[in-house]
Amino acid sequence: QVQLVESGGGLVQAGGSLKLSCAASGIIFSIKAMGWYRQAPGNQRELVARITSFSRINYADSVKGRFTISRDNAKNTVYLQMNSLKPEDTAVYYCNAAVSGSYDTDPMDYWGKGTLVTVSS
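The shown structure was predicted, so the numbers you read here are calculated from the model rather than taken from an experiment.

Digging into the nonpolar core
Then, number 1: W36, L80, M82 and Y93 are the most contacted members of the largest nonpolar core, which has 29 residues in total.
Then, number 2: Contributing elements (two or more residues each) for this core: β1 (2–7), β3 (18–26), β4 (30–39), β5 (46–52), β7 (67–72), β8 (77–82), β9 (91–100) and β11 (115–120).
Then, number 3: The element contributing the most residues to this core is β9, with five residues.

Thoughts on the pairing of β3
Then, number 1: As defined by bridge partners, β1 adjoins β3 across six bridges and the pair is classed as antiparallel. Counted as the bridge partner of E6 is C22 from β3.
Then, number 2: The pairing of β3 with β8 spans six bridges and is antiparallel. Looking across to β8, one finds that L20 is bridged to L80.

Observations concerning the sheet that holds β8
Then, number 1: Spatial ordering of the open sheet is given by β1-β3-β8-β7, a layout of four strands whose pairing is antiparallel. Lying at the two open borders of the sheet, with one neighbouring strand each, are β1 and β7. Adjacent strand axes in the sheet meet at a mean angle of 15° when their direction is disregarded.

Thresholds applied
- Note on numbering: residues in each chain are counted from 1, in written sequence order.
- Selection of residues for local features in this predicted model requires a pLDDT of at least 70, selection of side-chain atom pairs for listing and counting requires 80 or more, and totals for whole chains, interfaces and linings are taken over all residues.
- The side-chain figures draw on all heavy atoms in the structure; neither hydrogens nor water molecules are used.
- Definition of nonpolar core: a set of buried residues of the types Ala, Val, Leu, Ile, Met, Phe, Trp, Tyr and Cys, connected through side-chain atoms within 4.5 Å.
- Classification of residues uses two cut-offs on accessible area relative to the type maximum, computed with a 1.4 Å probe and protein chains only: under 20% is buried, over 50% is exposed, and between them is partly exposed.
- Segments assigned H or I by DSSP are reported as helices when at least four residues long, segments assigned E as strands when at least two residues long, and all are numbered from the N terminus.
- In this analysis, strands are considered paired if DSSP registers two or more bridges between them.
- A fitted line through C-alpha atoms serves as each axis, taken over the contacting stretch for helices, and the angle formed by two N-to-C directions is quoted from 0 to 180°.

Below you can see the structure in the form of structure tokens.
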């Protein structure tokens, strides 16, 4: 089993910054990709940013130029630096990781419990 623990959420004024962290632990042979998703009330969960083991990065159009995803492979940790935050960024942010438990198993998706980010206007 794999556990993902997020931290760094909170309340911030519009234009402010927050940095989210997510650490993976448990039975981990390799992590194919790690990423952040978010879900606002009444909305579906959506991709925010994702980074692969080869450092290939994807961002949602709505956060390009404002958010930066990074990864520390040695610590099995992914970060999301969020700048110029807007009220519409308010959501629960979930960490996701595609993890293989051994050399001959396909990666499985794991999710954190989420951390709330609230941006006030």
